[in-house]
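Structural features, examined
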Amino acid sequence: MLLYGRGAEQSVVDRLLAEAGAGRAGVLVLRGEPGVGKSALLAAAADAAPGRVLRATGVESEARLPYAALSQLLAPVLAGVEGLPGPQRAALERVLGLADGPAGDRLLVGLAVLTLLGDLAEQGPVLCLVDDVQWVDRESAEALQVAARRLGAEAVVLLLATRLDGPELPGLPELRVEPLTERAAAELLAAVAPELSDPAAVLAVAQGNPLALVELSAAGAAGSLPPTGRLRLAYHGQLSRLPGTAQRWLLLAALEESGSLEVLLRAAGECGLTVADLAPAEQQGLVRVELAAGRVMFRHSLLRSALVDRAPLVDRLAAHATLAQAYGEREPLRRAWHRALAATGRDAAVAEELAAAAAGAASRGGHTGASAAYERAARLSPDPLRARELTVEAVEAALEAGEVGRAESLAAAADGPGLDPVTRAHLLFARGVAEFWRGEHRSAHLRLTEAAALVAESAPGPAARVLVQAVHAAWYLDAEAVCATLTALGALALPADDSLAPAVRYVTAALGDAPDGPTLTEAERAARTAGAVAPVDLALPCGAALLPGRDEEVLDLAGRLVREAREGGAFGTLPTLLFFLAEAELFTGRPDTADEHAGEGLRLAEDCGQPMWTGQLHGFLAYLAASRGEDARCREHAAQARARGAFGAPWAQWAVGVLELGAGRAEDAFGQLAALAGSGQNFQVSAVRSVPDLVEAAVRLRRPEEVAEPLARFEHWADRSGQPWARALVHRCHALLAPDELAEELYLSALARHAEQPRPWEQARTELLYGEWLRRGRRRTDARVPLRAAERTLRRLGALPWAERARLELDATGAPAARGPAGAVAGLTPQESQIVRLAAQGLSNRDIAAQLFLSARTVGHHLYKAYPKLGVSSRTGLAEVLPALS
């Protein structure tokens, strides 16, 4: 296809197609104004594609129909769904309406799309074209983004075109399609209208817009309107010259979202129209009928908009009513919407039909479309009480879809005097959740606690779930807010068989001042016996157990819950669980696996749109980078964490403090760590556990008096935890602060406690400080033992600045340190390490892909790169390096 002035854009697309032929996937978003040539670039790519081409186009009126665009894109290849792994197949079949049952996790749908495209690419290159993304339904857009971000070593190219004001598609590369240069515009105009008497006027009006050049040259339009406005006028002129029957045909086609020829033929018949009545529009090129695909296609989406804009209200109402009849019972959501759009006033029957269709959409995971349908149904209902109920349904569906801003707007509009307590609690909850995600934690906490109080007596179970969310809000306020919320939670008269009751008992005991309470294992057993939904209902006690220092218990439970989440498709909960697992792994001396799991959790949190966990995981990864002395990586993650507001700030502060401390910048370290200790967020894991680092920084600055209060608080926490490793850190802090005659006994006490419950990172830090103290006391021979142990451990952990400090101290004692690489696996990236570990356990590429949300081809690509780094040539050699990986 010859395109004028698009050589640069076509070369980018051609390169992607060529790379796909070599087995490397490519994704590109084309962004530009209407008519600038995005669709033409997609068409040119389709002409140049060597393999299968899949297409979908967003339609404005179809944006409220869940998974409409995905259904359109995958319609030619639905036979391949049968070959997907079980959970993926079930999820995709349900959202596409091919099977009954509850919708799976939205991330699982995206993974199913990825696997399906990967399977198709095994047969030859695949090109996916999605036009008018600004009108693609939210559910389809999310699934495509999940797949796009994970494409790697597949022969797949995904091209998406959207307007300038279209949705942001984070993580996907973009190419801005600009208007044509003056020269290219003149060449195009000369080619399409060589006899034009005044080309300069058209060039001036079109402003380099290719569609405007073509359409305005034919219509002879000129004037001062921007190109889009002139195009609408030109289309109005073309439509006005058509026979009335053709105009009525086109209005039906403009209002029918999917372009289904079968539906349109039925609707036309209902209106007394025939196929022949469409012929004048076809002859003018306004539409084309694709018989093989059974679709009616408009020349451009602006033409569809022009048809709807110019039609009188009475004609639009009649067309909607006709389309509703044409759909019948086979498309309940489309039928219900067209009936609703045809309604001229409140209508109980229409409202209930639309509400029933909304419930069906929600059951298939289409919460965005369901919310819009519930909202419209509420407006149509003549019963104020029923309208209020439907508004609450709209609010809750919007929350499920992650549209918290829209949920808040709906709830605020419906809130007011005279509401019953249950309804008001629903609305307050929605507004509180929205404020929480915006970082307005004080007002969120007030709304959530008020909502819980309204139903505490009549519905203690739902009230407990609201207060759990209030605990999250209080977490970012102060100890007083947390304690008050825990008190309210503990005071609820939960039925003994309520599945949340064991979790509530555990959390209130773990975070409160009670000296004893159930263990995490006991709480888990009781919750499962009471019917808790795992892993979702067990995530809260799992994370809460980190606060009293039950890291080994968290390591065990989080590991099992992550496996259950993977197997059950509860991927929305995985970022939370992976964060808890990574924290436990870090604290128990497994920084490499912590890095892997945190990185995976971050990718999933970004895919799921979870700013809270995105911020937390960025902060956590900043800490891991800080411990290794990776300055740039630490600061980048810390900046990303702080950009998410309060969610990631505590971990980011601890991270930068440790980075500065490891680099010997005690003043800067103290500033970060003192701010964290004085923030009042004493329930934050990072705020509690950073105190020993604060004490070390203060001692190096000779300002020990400034850490008395944080240390007393930490000592109280350590006593309450009953953990030997926590007591070891208390002894280390006191050793740093003690006079020389008392310091050694405290260091030895710390090392004895470390021996009872080894924590490699903290134990090595204690050995390093003890060795430094001995060396300063001129006991160089004695200093070599703890310094050698510290250097060996720190180097193995990858904490190179700290290992280098130990090496310098050893040099000062006159004994050379053991040097060398950390091991054969040091060159692996976190993702390569994770894949190699799973492959060494005997999992197939397809199994690994399903577990890590990648394609099988990408897994194979990572293994191929890892083999030389490990000194093996095939999968069979991985068993030999598994101990090093573990």
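Computed from a predicted structure; not experimentally measured. (Residues numbered from 1 in each chain as written. Predicted model: local features only at pLDDT ≥ 70, side-chain atom pairs only at ≥ 80, totals over all residues. Heavy atoms only, no water.)

Focus: the pairing of strand 6 (residues 287-290)
Where strand 6 meets strand 7 (residues 295-298), 4 bridges bridge the pair, whose relative direction is antiparallel. In the sheet register, Arg 288 faces strand 7, and the bridge partner there is Met 297. Counted between consecutive antiparallel strands, the loop separating strand 6 from strand 7 contains 4 residues, among which Gly 294 sits at a positive phi close to 65 degrees. (Pairing = 2+ DSSP bridges. Helix = DSSP H or I, 4+ residues; strand = E, 2+ residues; numbered from the N terminus.)

Remarks on the nonpolar core
Core analysis: the biggest nonpolar cluster contains 184 residues, and Leu 70, Leu 74, Leu 92, Val 554, Phe 620 and Leu 794 have the highest contact counts within it. The leading source of residues in this core is helix 5 (residues 106-121), at 11 residues. Look past the residues within four positions of Phe 620 in its chain and what remains in contact with it is Phe 579, Ala 582, Glu 583, Leu 586, Ala 594, Ala 598 and Trp 651. With 35 residues, the next largest nonpolar core counts Leu 65, Ala 68, Val 395 and Leu 427 among its residues. (Core = buried A, V, L, I, M, F, W, Y, C linked by side-chain atoms within 4.5 Å. Buried < 20%, exposed > 50% of the residue type's maximum accessible area, 1.4 Å probe, protein only. Contact = heavy atoms within 4.5 Å.)

A word on the packing of helix 31 (residues 611-627) against helix 32 (residues 631-643)
It is the contact of helix 31 with helix 32, at a shortest axis distance of 8 Å, that shows an interaxial angle of 160 degrees. By the angle between their axes, helix 31 is roughly antiparallel relative to helix 32. In this structure, helix 31 meets helix 32 at a crossing whose hand is left-handed. Along the contact surface, helix 31 presents Gly 615, His 618, Gly 619, Leu 621, Ala 622, Ala 625 and Ala 626, while helix 32 presents Arg 633, Cys 634, His 637, Ala 638, Gln 640 and Ala 641. Each residue belonging to the contact of helix 31 with helix 32 can be placed in one class, and the counts come to 7 nonpolar, 5 polar and 1 charged. (Axes fitted to C-alpha atoms, helices over the stretch in contact; angles between N-to-C directions. Parallel < 35°, antiparallel > 145°, perpendicular 65-115°, else oblique. Left-handed = near helix turned anticlockwise from the far one by under 90°. Nonpolar A, V, L, I, M, F, W, Y, C, P; charged D, E, K, R; others polar.)

Brief notes about the packing of aromatic side chains
Going through the model one piece at a time under the given rule, you end up with 20 aromatic pairs. For the pair Phe 579 and Phe 580, a centre-to-centre distance of 6.1 Å together with 40 degrees between the ring planes defines the contact as tilted. The pair formed by Phe 579 and Phe 580 is uniform in burial state, with each residue classed as buried. Among the aromatic residues, those joined into a cluster by ring pairs are Phe 579, Phe 580, Phe 587, Trp 613, Phe 620, Tyr 623, Trp 651 and Trp 654. The lysine or arginine in question, Arg 64, covers the ring of Trp 337, its NZ or CZ lying 4.3 Å from the ring centre. (Phe/Tyr/Trp six-rings, centres within 6.5 Å; stacked < 30°, edge-to-face > 60°. Lys NZ or Arg CZ within 6 Å of the ring centre and 35° of its normal.)

Observations concerning helix 21 (residues 421-437)
A turn of α-helix holds 3.6 residues, and therefore any two residues three or four places apart point the same way. Between the first and last C-alpha of helix 21 there are 24 Å, a value that for 17 residues agrees with the 24 Å anticipated at 1.5 Å per step. Every buried residue of helix 21 is accounted for by Thr 423, Ala 425, Leu 427, Leu 428, Ala 430, Arg 431, Gly 432, Val 433, Ala 434, Glu 435 and Phe 436. Summarising the contacts, the buried residues of helix 21 are in contact with helix 19 (384-400), helix 20 (404-414), helix 22 (441-455), helix 23 (460-475) and helix 31. (Expected span 1.5 Å × (residues − 1).)

Structural notes on the pattern of salt bridges
In this structure the tally under the stated criterion is 62 salt bridges. A salt bridge links Glu 552 to Arg 759; the shortest N-O distance between them is 3.3 Å. You can see Glu 552 sitting in helix 28 (residues 551-568) and its partner Arg 759 sitting in the loop between helix 39 (740-756) and helix 40 (760-776), a full 207 residues away along the chain. Arg 759 sits in the buried class, given a relative accessible area of 2%. As a salt-bridge pair, Glu 660 and Arg 635 come within 3.1 Å of each other at their nearest N and O atoms. Highlighted residues: Glu 660 in helix 33 (residues 649-662) and Arg 635 in helix 32, separated in sequence by 25 residues. Look at Arg 635 and you get partly exposed, because its relative accessible area is 34%. The structure contains a network of salt bridges with shared partners spanning Asp 693, Glu 696, Arg 700, Arg 765, Glu 772 and Arg 805. (Salt bridge = Lys/Arg side-chain N within 4 Å of Asp/Glu carboxyl O.)

Some thoughts on unusual backbone geometry
A cis amide bond, omega 5 degrees, links Ala 534 with the succeeding residue Pro 535. Of note, Pro 535 is situated in the loop between helix 26 (520-529) and helix 27 (539-544). Of note in the backbone geometry, Tyr 67 takes a positive phi value of approximately 60 degrees without being a glycine. Note on placement: Tyr 67 falls in the loop between strand 2 (52-57) and helix 3 (68-74). For Tyr 67, a relative accessible area of 2% corresponds to the buried category. Even without being glycine, Gln 207 reaches a positive phi, approximately 55 degrees. Turning to its location among the elements, Gln 207 is positioned in the loop between helix 8 (199-206) and helix 9 (210-219). Accessibility expressed as a relative area gives 49% for Gln 207, which makes it partly exposed.

Thoughts on the side chain of Glu 139
Its location among the elements puts Glu 139 in helix 6 (residues 138-150). Despite its burial, Glu 139 pairs with no opposite charge; the closest candidate is Arg 138, at 6.3 Å N-O. Not counting chain neighbours up to four residues away, the residues in contact with Glu 139 comprise Pro 66, Tyr 67, Gly 365, Gly 366, His 367, Thr 368 and Gly 369. (Lys, Arg positive; Asp, Glu negative; His and termini not counted.)

Let's talk about the sheet that holds strand 2
Spatially, 2-3-4-1-5 is the arrangement adopted by the 5 strands of the open sheet, whose pairing is parallel. Every other strand in the sheet has two partners, leaving strand 2 and strand 5 (174-176) as the edge strands with one partner each. On average, each strand axis in the sheet is tilted by 15 degrees relative to the strand beside it, whichever way the strands run. Bridge analysis of strand 1 (residues 26-31) against strand 4 (residues 156-162) gives 6 bridges, and the strand direction is parallel. Among the inter-strand pairings, Gly 26 is bridged to a residue of strand 4, identified as Val 157. Across the sheet, helix 1 (residues 7-21) is in contact with strand 1, strand 3 (126-131), strand 4 and strand 5; its angle to strand 4 comes to roughly 150 degrees.

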